[in-house]
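Working through the structure, step by step
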Amino acid sequence: MDEWNHCLPAGAFRMGFRFELSDQITCVAAPTILRLGADDRTVIAVANQKLLRMDLQDRTQVTLCSLPHPASDFSINVDHSIVAVAAGAADVAIYDLKSGDHLQSMSREGAPGSLSQVPAKQIAVGSDGKMLVATTSGSRIFVSNMETGQWEHIMFVKYDGCGVAVSPNGKYVALFGAPKESEISGHVTMFLVRRGLQPLWTRWHDSAKAVTSCRFSPDSKSLITCGAGDGVRVWESAGGELQWHFAPQGKVPLRSAWSFGVKDSFALLGDDLMIVEKNKGVVAFQVSMESPDSKFAISESGKVMARIDNKRNLSVWKLNEFE
Amino acid sequence: MEMKRRELLHSGLSGGSFLAFGGFSALNSLVSASNQRISSDEEIERLAGKIMETEPESVVDLVVNELNSGLSRQDFLAACLNAGLRFHGHHSAYVAHPVRVVSDTISRHASLLPLFYHLSVLRFRAARASLRWLDKTKIPHPDKAIQQFHSAMKSGEKDDAGLAMVTMCRAMGPQQAYPHLFTYAAERNHNSGGHTAVSVVNTLRTLQATDWRCAESALQFAVTDAAWQLPGGSQVHAENRVRAERIDSLPKSWANTASDEGGTRELVSLYRKGNPVIACKETFSLLQQGKMRAGTVWDAVFLTTAEMVVRYQFVGGKRLAGHSVTCVNALHYLFRTTPVESTRLYCLLEAVEWTTSFLARERARPALREFDLLSLESNEVSKDKSEGLEEIFSLLPPRRFAALHRPGFDDVDLAMKKSLAWLGQHSDDRAFLQRAMWLMCIKSTPEVHDFKYPMALFENCRYASAVWRPLLLASSVHVLHGTDMEESAIVSQAKERLG
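Residues numbered from 1 in each chain as written. Chains lettered and ligands numbered in written order. Predicted model: local features only at pLDDT ≥ 70, side-chain atom pairs only at ≥ 80, totals over all residues. Heavy atoms only, no water.

For chain A, the count of helices and strands is 0 helices and 29 strands. Across the 323 residues that make up chain A, the buried fraction comes to 53%. Taking the intrachain contacts of chain A between residues at least 6 apart in sequence as the baseline, contacts between residues at least 24 apart amount to 45%. For chain A, the exposed area adds up to about 13700 Å²; of that, 48% sits on carbon and sulfur atoms. (Helix = DSSP H or I, 4+ residues; strand = E, 2+ residues; numbered from the N terminus. Buried < 20%, exposed > 50% of the residue type's maximum accessible area, 1.4 Å probe, protein only. Contact = heavy atoms within 4.5 Å. Areas by Shrake-Rupley, 256 points an atom, 1.4 Å probe, with all protein chains shown as cover.)

Counted under the stated rule, the structure contains 36 salt bridges over all chains. For Arg265 of chain B, the salt bridge identified is with Glu261 of chain B, shortest N-O distance 3.6 Å. Of this pair, Arg265 of chain B and Glu261 of chain B both sit in helix α17 (residues 261-272), 4 residues apart, which is roughly one turn of the helix. Owing to a relative accessible area of 35%, Arg265 of chain B belongs among the partly exposed residues under this scheme. Owing to a relative accessible area of 36%, Glu261 of chain B belongs among the partly exposed residues under this scheme. Notably, a salt bridge pairs Arg272 of chain B with Glu307 of chain B, separated by 2.5 Å at the nearest N-O pair. Here Arg272 of chain B, found in helix α17, pairs with Glu307 of chain B, found in helix α19 (residues 294-311); they are 35 residues apart in sequence, far enough to count as distant. Exposure remark for Arg272 of chain B: the relative accessible area of 21% places this residue in the partly exposed category. For Glu307 of chain B, a relative accessible area of 1% corresponds to the buried category. Here the salt bridges do not stand alone but share partners, grouping Arg194 and Arg195 of chain A together with Arg400, Asp411, Asp484 and Glu486 of chain B into one network. (Salt bridge = Lys/Arg side-chain N within 4 Å of Asp/Glu carboxyl O.)

Further remarks concern unusual backbone geometry. Trans peptide bonds make up most of the peptide bonds, and negative phi angles are found at most residues other than glycine. Residues and elements named next belong to chain A. Positive phi, close to 65°, is recorded for Asp264, a residue that is not glycine. Here Asp264 is to be found in the loop between β23 (256-259) and β24 (265-269). Exposure remark for Asp264: the relative accessible area of 27% places this residue in the partly exposed category.

What follows is about the sheet that holds strand β7 (residues 73-76) of chain A. Residue and element names in this part refer to chain A. If you trace the 4 strands from one edge of the open sheet to the other, you get β7-β8-β9-β10, paired in antiparallel fashion. Strands with a single pairing partner mark the edges of an open sheet, and in this sheet they are β7 and β10 (102-105). Geometrically, the sheet is characterised by an average inter-axis angle of 20° between neighbouring strands, direction not taken into account. The sheet contact formed by strand β9 (residues 92-96) and β10 spans 3 bridges and is antiparallel. Across the sheet, residue Tyr95 finds its bridge partner in β10, namely His102. (Pairing = 2+ DSSP bridges. Axes fitted to C-alpha atoms, helices over the stretch in contact; angles between N-to-C directions.)

Looking now at empty space enclosed by the protein. Residues and elements named next belong to chain A. Inspection of every chain in the model, using the stated rule, returns 8 cavities of 30 Å³ or more. By volume, the second largest cavity amounts to about 90 Å³. Along the walls of the second largest cavity sit 12 residues, with Val92, Met106, Arg108, Phe142 and Ser144 positioned nearest its centre. Examining the composition of the lining of the second largest cavity, we find that 3 residues originate from one element, strand β12 (residues 131-136), more than from any other. In terms of residue class, the lining of the second largest cavity is built from 8 nonpolar, 2 polar and 2 charged. (1 Å grid on protein atoms, 1.4 Å probe; cavity = no way out; pocket = protein on both sides within 12 Å on 5 of 7 lines; lining within 4 Å. Points joined across faces, edges and corners; volume = space filled by probe spheres on them. Nonpolar A, V, L, I, M, F, W, Y, C, P; charged D, E, K, R; others polar.)

This is the structure in structure tokens:
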């Protein structure tokens with residue numbers, strides 16, 4: 001069982017937060033991609049070209065369907081009724097999350113020239129359950145309507161997108177990637193969803209190392225980015241103002257950083273899991289998340305984290321308040 | 001078709017520039033032994049360099065300070081052109097002309113904003129050396145310059161052509177040197193997407209507005225653009241050359257701007273077939289028989305190209321079909337300004353060739369929806385001038401930089417129909433144009449076609465027959481920004497600083 005080390009000033013006691021291991025399940029297969037639902041109990045995973053659904057509460061695991069191609073990414077909607085899967089072909093496929101039925105494939109028909117054939121890389125479903133955002137190689141973003149199955153807008157950006165996120169309120173889309181002239185995926189761009197995507201701002205998270213994740217705060221007002229070198233940055237979603245920058249001692253590479261809805265508090269995941277507060281720095285950390293190859297997922301609330309290791313063990317941590 | 005020396009000298013004599021040189025003997029002394037750099041106005045170059053070196057967030061302040069210190073609008077434009085020629089090339093230089101036109105035409109209080117838009121284009125991308133350095137030891141003797149120029153143009157030797165043009169520019173003046181480019185501008189557009197004509201004409205017109213400063217750089221740039229774009233596989237231009245040589249077989253009134261509505265409709269039907277061979281042959285035949293005049297042909301060209309813009313499949317993006325409009329706009333300028341009659345005919349026939357072959361190409365991609373602009377019907381719009389304009393421009397969706405939108409033309413087509421109604425209600429279209437230009441200034445993206453397409457369309461409108469103007473103007477909404485589009489950051493900043 002993992003132990004928490006609380007870094008507190010000597011003799012001090014206070015309210016705080018920590019992630020506590022709440023469950024462990026052995027999966028039927030080793031997932032390559034993992035996602036947590038907004039209900040904090042549904043886990044969707046892709047393993048061996050199969051789509052799996054797990055329920056953490058009743059500990060059930062269901063193989064929904066087989067995928068025709070290996071998946072590069074997938075995204076689920078807010079009420080977990082559907083999942084969009086980017087599976088190698090140009091079209092993103094939509095499946096019913098209860099039955100596993102293939103509902104439709106998103107179409108690129110009518111897109112000019114070679115754009116109709118470029119595979120989707122990362123995808124994100126909007127909170128309205130209709131909007132689908134997909135990055136492709138060749139510096140394009142497709143915005144599609146999942147109800148009609150058609151693309152609606154194509155944005156050409158200055159760099160190949162490596163990751164994309166939609167804010168919980170559906171107002172913003174964030175993209176990070178590498179400019180063409182550089183191999184460093186250190187750029188972050190924010191768009192406003194308004195009759196397509198209106199570019200708002202672009203910032204360097206880090207000019208030397210790649211960004212590894214971007215996530216919105218649960219209230220959508222902030223974007224949290226972290227990277228392989230320069231710690232975590234918190235940006236104001238609307239204007240791009242840098243609200244906070246924190247680099248853990250030793251400039252450790254971070255895999256993800258997120259807000260769990262408590263003001264000025266964030267979780268950072270590298271080899272360790274840390275809780276940091278704006279005015280205090282690291283206030284709690286859990287040493288050693290073990291295998292750096294493990295896959296993990298964070299719920300939309302930021303309060304549940306799941307990790308799968310190479311032995312098919314799914315561990316779940318939940319945020320608890322302690323005194 | 002190359003302008004014969006005698007014709008050139010004749011046109012030069014009328015301007016007096018040849019006499020000023022004291023005849024051919026004086027030309028010899030003008031072979032420069034000075035530096036390698038093609039000469040330019042130092043002050044303009046200084047400002048162009050400062051514009052490109054200053055941090056993007058400070059460039060508006062830099063220019064506003066220069067304006068407050070006495071920088072003229074003309075010099076601002078010249079500096080932007082110079083920066084475009086030296087540090088970006090192509091579109092950054094082409095756009096100087098439509099920027100200048102908007103600046104001259106828009107309401108007085110906004111006349112500087114188009115120039116700040118040009119600034120935003122220049123600062124959007126990283127600068128790179130654009131103009132090639134020429135080897136001064138190879139500058140030809142003036143006696144050989146014209147011959148070398150045309151020889152190099154035929155073989156695509158852009159450096160030799162550039163050097164020869166520099167000599168011609170220094171010897172006879174840029175105004176006399178430019179016409180040597182006209183026939184190449186007319187026939188070398190297929191591989192350049194119509195940009196050869198645009199390059200030659202837009203730089204020429206900008207130089208006219210800036211007192212011919214930086215003429216050598218501009219000429220070198222235009223020559224480079226024209227030299228390497230050889231005519232390509234089509235032989236239609238060769239047939240058109242032969243037709244143009246038969247200028248004497250046409251009635252003297254062939255170039256008349258008078259137009260005939262029925263004839264225009266017939267020609268539009270013909271041009272829509274997208275067959276340049278038949279279109280050029282038929283057009284020449286009709287001119288020869290006196291059944292049509294140039295005005296009718298130009299109306300048909302303007303309508304077919306505007307219709308292509310409306311038919312383009314996607315909302316937003318570069319709307320490649322708009323190059324149909326810009327190229328014929330440039331060719332029309334050559335048509336109405338060149339003193340050589342056979343060149344005028346050649347430009348007209350090449351405009352027909354360009355229109356029809358470009359249409360065929362776009363249709364094959366496929367990039368065009370079905371739409372008959374000539375059958376456009378109007379839709380109700382507020383009778384109040386301002387309210388009506390607000391109705392129209394509020395319908396237009398955002399057209400963002402480098403973005404395409406699924407074909408969904410309901411809103412834009414409705415705006416087009418309302419525009420037709422508005423233009424029918426109000427005899428004076430200036431309010432429409434002013435609103436369009438204002439939105440163009442404050443909303444345009446670094447995609448220079450935001451300026452190029454509308455201004456070319458507006459000018460085509462001006463030269464079209466009155467009966468077709470409302471249609472042409474209404475079609476322009478397909479390339480205009482509406483009120484829903486976000487503002488340009490640099491232009492907003494300039495607006496605030498200028499007060």
